[in-house]
Amino acid sequence: MLAFQPARLLLRSSALRISGGRGLTGSTSSVTQKTPLAGSRHAPAARSLAAAAAGHKQQMNMFQAINSAMQIAMDTDDRAMVFGEDVAFGGVFRCSMGLREQFGGDRVFNTPLSEQGIIGFAIGMASVGYTPIAEIQFADYVFPAFDQIVNEAAKYRYRTGSEWHCGSLTIRMPCGAVGHGGLYHSQSPEAFFSHCPGINIVCPRGPTQAKGLLLAAIRSPDPTLVFEPKILYRQAVEDVPVGDFEIPIGEAEIVREGTDVTLIGWGNQVHRLLAAAKLAEADGISCEVIDLQSILPWDEERVVASVEKTGRCVIAHEAPRTSGFGAELAATVQERCFLKLEAPVQRVCGWDTPFPLAWEEFYLPTPLRVYDSVKKVLNY
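Named according to an unreviewed UniProt entry, the protein is 3-methyl-2-oxobutanoate dehydrogenase (2-methylpropanoyl-transferring) originating from Polarella glacialis. Among the UniProt annotations of the protein, the heading Cofactor (unreviewed entry) holds the following wording: "thiamine diphosphate".

This is the structure:
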């Protein structure tokens, strides 16, 4: 593996001139971060998703949409850099294809196999004015960097009294089932991080969401984890706006309206909920499907409004049931919608075991398992 190439960047005065009054001044021995909270560190996105959708579109799968987002981010911010294991070669899922050729080895480079080192390096770069986009090759590998994310990145602003921060930090991670990943390449660890104030967590269901959420993450004033369902990299294909746009972090989307029961999920699970809703429709049951999109912060008001309308709620995620993020959703729905609920909130989740290899479909919340819970809340 290549060593961290941008070390020489930190020694070149030309590379240390960061516009907007932030970043490095003088030599590396006198690093300061100026006006960390003043104004906007990035120019706003050119268009909202609604406006971008009216413009030119191009058919993309999800890894191409992610590539497009990183290209736009690096075009519009010369401080942005992409690094991680094998990203200079395009990455194992090809999300960074062509970026090194376009932006050079100083801005797109490989790292050693050290997740703790990758994220520690990214935090340092963000704290002095760069815009690091760090990739963890599989979300399963993030745990050596857990301390860096939870004890450093998430707390940086708080422990310095807002004098310093690493808000321009983005961490991308392929996550979830892929059909053959087994116990070390199929996990969905979002709940571990949802317990930590100071970071954002997003998870797209398709190419458009992947591009818009990633651009919003890169430009967020807080460190953001982007969990990308790896099974969708090539399976999900749609017409995606080619221009610059963001999907706001913290806003859920109602992808199917209904009146009888609310189904809540994120990532690839949204597609399974939509399949379950079609099964229910054949039996005359109307399901409202919500894509949470953002796990931290999550759109509590939209979820509560939907459940108050339908009176029933089913939550689904791939991660194990115990202490999964669905438990937080269920607790909040029970607390805020108690007088409107017609049945207990149901969770359809992975089982409390390591992720299997041969029996993946028995582990996952399939449309049939979701539909069984829909019938349960209706017949309660």
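1. Notes on the side chain of Thr170
Turning to its location among the elements, Thr170 is positioned in strand E6 (residues 170-175). Residue Thr170 is classed as buried on the basis of its relative accessible area of 0%. Within the local environment of Thr170, its side chain forms a polar contact with the backbone oxygen of Ala217, the two atoms lying 3.4 Å apart. Beyond its immediate sequence surroundings of up to four residues, Thr170 is in contact with Pro132, Ile133, Ala134, Leu214, Ala217, Ile218, Thr224 and Val226.

2. Thoughts on the sheet that holds strand E13 (residues 287-291)
Read from one edge of the open sheet, 5 strands run E11-E13-E12-E15-E16, paired in mixed fashion. Each edge of the open sheet carries a strand with a single partner, namely strand E11 (253-256) and strand E16 (346-350). Between one strand and the next, the sheet's axes are offset by a mean angle of 25 degrees, whatever the strand orientation. The pairing of E11 with E13 spans 3 bridges and is antiparallel.

3. Considering the nonpolar core
Counting 54 residues, the largest nonpolar core has Phe83, Ile119, Phe193, Leu225, Phe227 and Leu292 as the members making the most contacts within it. Element by element, the count of residues in this core is highest for helix H4 (residues 115-127), at 7 residues. Counting residues domain by domain, this core receives three or more from each of domain 1 (57-241) and domain 2 (253-379).

What counts, and at which threshold
- Residues numbered from 1 in each chain as written.
- Predicted model: local features only at pLDDT ≥ 70, side-chain atom pairs only at ≥ 80, totals over all residues.
- Heavy atoms only, no water.
- UniProt positions renumbered as here; feature names shortened; annotations may be inferred.
- Helix = DSSP H or I, 4+ residues; strand = E, 2+ residues; numbered from the N terminus.
- Buried < 20%, exposed > 50% of the residue type's maximum accessible area, 1.4 Å probe, protein only.
- Polar contact = N/O pair within 3.5 Å; in protein donor to acceptor, adjacent residues only side chain to side chain.
- Contact = heavy atoms within 4.5 Å.
- Pairing = 2+ DSSP bridges.
- Axes fitted to C-alpha atoms, helices over the stretch in contact; angles between N-to-C directions.
- Core = buried A, V, L, I, M, F, W, Y, C linked by side-chain atoms within 4.5 Å.
- Domains from an automatic or database assignment.

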